[in-house]
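Here's the letter readout for the chains.
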Amino acid sequence: MNVRKKVDFLIAGCGYAGSVAARQLADAGKKVLVVDRREHIAGNAYDYHDENGVLVHKYGPHIFHTNSQRIFEFLSQFTQWRDYQHRVQAVVEGQQLPFPINIETINRLYGHSFSEPAEMMDFFEKVREQRDPIRSSEDTVVNAVGMDLYEKFFKNYTLKQWGIHPSELDASVASRIPYRTDDEDRYFTDKFQGMPLYGYTKMFEAILDSPNIEVRLGESFKDTLNSVNPEHIIYTGSIDSYFDNCFGKLPYRSLRFEHEHHKELDQFQTVGTVNYPNDHAYTRITEFKHLTGQQCQGTSIVKEYPTDKGEPYYPVPTSDNAELFKQYNVLAKKQTDVTFLGRLAQYRYYNMDQVVGAALKAASRLLEN
Ligand code: FAD
Ligand code: UDP
């Protein structure tokens, strides 16, 4: 007779959502089994040394940033940090310009010589086109900085990244990008920002290092259910596939990552990431040595090619998709023995810190019950 092994929690997915929840539950004495269908831990934050010895991020560039002291302190139990401030430039009309748009971007693009924030504010006031209400990503950008900057920096990047027009995409997507009126050239200005000193995978190894946690890789959780009998399940995969796509497929945007090594170059580009809004099929190139500070011969980069096919990476924030997600969420709420957690299961455009926050909250709630 096949007696299924009893565990307190079965967690599907070994990214931030699954691993952080696992650790909190394990520290409270619960027996936790975490499974991932991939052959590695850390979900989309997974990093590894490529064949040339360069530490690279398999699923594109990950820079940790948060304003939450609690979230930063939680992760700091498992890693030390390398202080790193991410900088991004965008190639527009042959110039490589600071992005988000700042005073240098405007001066170099239009030949101005602004030096004061008040001059930038006047400039934005002159070029912006008021939109009311602000519903779409197009509305957000045009309302803030007008049509010309929208067309130079946002329109084509967004079309490429999402495969849909910015007028169809929720305002929250372009709202991730600020507009500077000074010479601030960092991509993020959160209170805490950096890279795990020895990489994300090492940090995840430490998070999962508990006698109450078992990790199984290369296994889909539906197969695990044949041999395991959990009190409760935490599911961090895509919500539509949990329900066998019963209302139709929920769109997720994917990327194809093209990794390259340049052994003859010490540095490929001057900043961590260069965006190409109007040229090439890829959106951006990231050079990892900027992020990690690694000193070595040669350099490794990744190009991101957006696509509909392949692994799900981004929920696609449109009103139709929000409606479809709601239908799945009604089913999810009825599954009282399953918690849906993370970017794919909650269909939210979460950053890493937000997933950590959501996982800490979910674990506390489960421990109260
Ligand atoms: P994931 O990391 O996707 O983990 C889910 C795991 O579940 C996966 O490993 C998957 O294999 C597994 N799984 C799914 N279904 C099953 C199943 N049926 N059975 C078993 N396992 C299953 N955030 C930042 O804060 N800063 C950044 O700079 C940043 N850059 C990013 C760049 C890119 C290109 C992308 C795509 C994302 C970026 N993010 C960034 C966001 C960050 O990756 C996510 O917020 C975070 O990784 C989400 O964690 P998660 O646990 O919800 O999901
Ligand atoms: N964006 C853009 N041009 C850029 C960078 C970003 O139009 O040069 C828009 C685009 O719609 C993108 C969104 O802003 O999807 C959010 O950008 P972010 O860098 O936060 O995306 P992520 O790192 O999550 O892929």
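One structure accompanies this document, and this report is about it.

Glancing now at the overall build of the chain. Helix and strand content of the chain: twelve helices and 17 strands. For 369 residues, the compact-globule formula gives about 21 Å, and the C-alpha radius of gyration of the chain, at 22 Å, lands near that figure. If you line up the chain on its principal axes, its C-alpha atoms span 80 × 50 × 35 Å. For the chain, with 369 residues in total, the buried portion stands at 56%. For the chain, the proportion of contacts with a sequence separation of at least 24, taken over those separated by at least 6, is 70%. Summed over its atoms, the accessible surface of the chain is roughly 17300 Å², and 46% of this surface lies on carbon and sulfur atoms.

Attention now moves to the site of ligand 1. With respect to spatial proximity, 31 residues lie near ligand 1, and among them Asp36, His62, Ile63, Tyr350 and Met352 are the closest. At a separation of 2.9 Å, an oxygen atom of ligand 1 approaches a polar backbone atom of tyrosine 350. A distance of 2.7 Å separates an oxygen atom of ligand 1 from a polar backbone atom of methionine 352. Out of a free accessible area of 1000 Å², ligand 1 has 95% covered by protein chains. Those elements that provide at least two residues to the shell around ligand 1 are helix H1 (16-27), strand S2 (32-36) and helix H12 (352-368). Taken together, the residues that form the shell around ligand 1 break down as 14 nonpolar, ten polar and seven charged.

This paragraph deals with the site of ligand 2. Residues in contact with ligand 2 amount to 15 residues; listed here are only the nearest, Thr158, Arg176, Tyr187, Tyr314 and Tyr349. Backbone polar atom of phenylalanine 154 to an oxygen atom of ligand 2: 3.2 Å apart, as the coordinates give it. Within the contact set of ligand 2, an oxygen atom lies 2.5 Å away from a side-chain nitrogen or oxygen of tyrosine 187. The element best represented in the shell around ligand 2 is helix H5 (residues 137-162), accounting for six residues.

This next bit is on the layout of surface pockets. One number sums up the size of the second largest pocket: a volume of about 750 Å³. Along the wall of the second largest pocket there are 33 residues; nearest its centre are Asn329, Lys333, Phe340, Gln346 and Arg348. Of all the elements in the fold, those that place two or more residues in the lining of the second largest pocket are helix H11 (319-334), strand S17 (338-340) and H12. With seven residues, the single largest contributor to the lining of the second largest pocket is H11. Residues of the lining of the second largest pocket, tallied by class, amount to 16 nonpolar, twelve polar and five charged.

Okay, the pairing of strand S8 (residues 95-99) next. Direction of pairing for strand S7 (residues 88-92) relative to S8: antiparallel, over a ladder of five bridges. Across the sheet, residue valine 91 finds its bridge partner in S8, namely glutamine 96. Here S7 folds back onto S8, and the loop between the two strands holds two residues, one of which, glutamate 93, carries a positive phi near 50°.

Glancing now at the packing of helix H3 (residues 103-110) against helix H4 (residues 117-127). Helix-helix packing: each pair is described by the crossing angle between the helix axes and the interaxial distance. Running from N to C, H3 and H4 cross one another at 60°; their axes reach a closest spacing of 11 Å. Relative to H4, H3 is oriented oblique. Classified by chirality, the crossing of H4 by H3 is left-handed. Of the residues in H4, those touching H3 at Ile103, Ile106 and Tyr110 are Met120, Phe123 and Phe124. A per-class count over the contact of H3 with H4 returns six nonpolar, no polar and no charged.

This next bit is on the pattern of salt bridges. A side chain with one charge may pair with a side chain of the opposite charge, provided their charged atoms come close. Within the structure shown, the criterion is met by 22 salt bridges. Where arginine 38 meets glutamate 311, a salt bridge forms, and the shortest distance between an N and an O atom there is 2.6 Å. Of the two residues, arginine 38 is situated in the loop between S2 and strand S3 (47-49) and glutamate 311 in the loop between strand S15 (299-307) and strand S16 (314-315); the sequence distance between them amounts to 273 residues. Residue classification places arginine 38 among the buried positions, given a relative accessible area of 16%. Two residues, aspartate 244 and lysine 222, come together in a salt bridge whose shortest N-O distance is 3.3 Å. A residue pair is termed long-range when its members are at least 10 positions apart, and aspartate 244 in the loop between helix H9 (239-242) and strand S12 (252-262) and lysine 222 in helix H8 (residues 221-224) qualify at 22 residues. For aspartate 244, a relative accessible area of 58% corresponds to the exposed category. Judged by its relative accessible area of 38%, lysine 222 falls in the partly exposed class.

By secondary structure assignment, the location of leucine 250 is in the loop between H9 and S12. Residue leucine 250 is classed as buried on the basis of its relative accessible area of 1%. Residues leucine 250 and valine 316 lie 66 residues apart in sequence; the distance between their C-alpha atoms is 8.7 Å. Each residue touching leucine 250, except ones within four places of it in the same chain, is listed here: Ile239, Asp240, Asn321, Leu324, Phe325, Tyr328 and Tyr347.

To continue, consider the nonpolar core. Ranked by internal contacts, the top residues of the largest apolar core, which has 106 residues, are Tyr16 and Phe153. For this core, the element with the most residues is H12, which contributes nine residues. Ranked by size, the runner-up nonpolar core spans eight residues in total, among them Val271, Val274, Tyr282 and Tyr305.

Okay, the sheet that holds strand S11 (residues 228-235) next. With parallel pairing, five strands are arranged side by side in an open sheet as S10-S2-S1-S11-S17. Every interior strand has two partners, whereas the edge strands, strand S10 (213-217) and S17, have only one. Taken pair by pair, the neighbouring strands of this sheet meet at an average axis angle of 25°, ignoring direction.

Definitions and cut-offs
Residues numbered from 1 in each chain as written. Chains lettered and ligands numbered in written order. Predicted model: local features only at pLDDT ≥ 70, side-chain atom pairs only at ≥ 80, totals over all residues. Heavy atoms only, no water. Helix = DSSP H or I, 4+ residues; strand = E, 2+ residues; numbered from the N terminus. Rg over C-alpha atoms; globule rule 2.2 N^0.38 Å. Buried < 20%, exposed > 50% of the residue type's maximum accessible area, 1.4 Å probe, protein only. Contact = heavy atoms within 4.5 Å. Areas by Shrake-Rupley, 256 points an atom, 1.4 Å probe, with all protein chains shown as cover. Near = heavy atom within 4 Å. Polar contact = N/O pair within 3.5 Å; in protein donor to acceptor, adjacent residues only side chain to side chain. Nonpolar A, V, L, I, M, F, W, Y, C, P; charged D, E, K, R; others polar. 1 Å grid on protein atoms, 1.4 Å probe; cavity = no way out; pocket = protein on both sides within 12 Å on 5 of 7 lines; lining within 4 Å. Points joined across faces, edges and corners; volume = space filled by probe spheres on them. Pairing = 2+ DSSP bridges. Axes fitted to C-alpha atoms, helices over the stretch in contact; angles between N-to-C directions. Parallel < 35°, antiparallel > 145°, perpendicular 65-115°, else oblique. Left-handed = near helix turned anticlockwise from the far one by under 90°. Salt bridge = Lys/Arg side-chain N within 4 Å of Asp/Glu carboxyl O. Core = buried A, V, L, I, M, F, W, Y, C linked by side-chain atoms within 4.5 Å.

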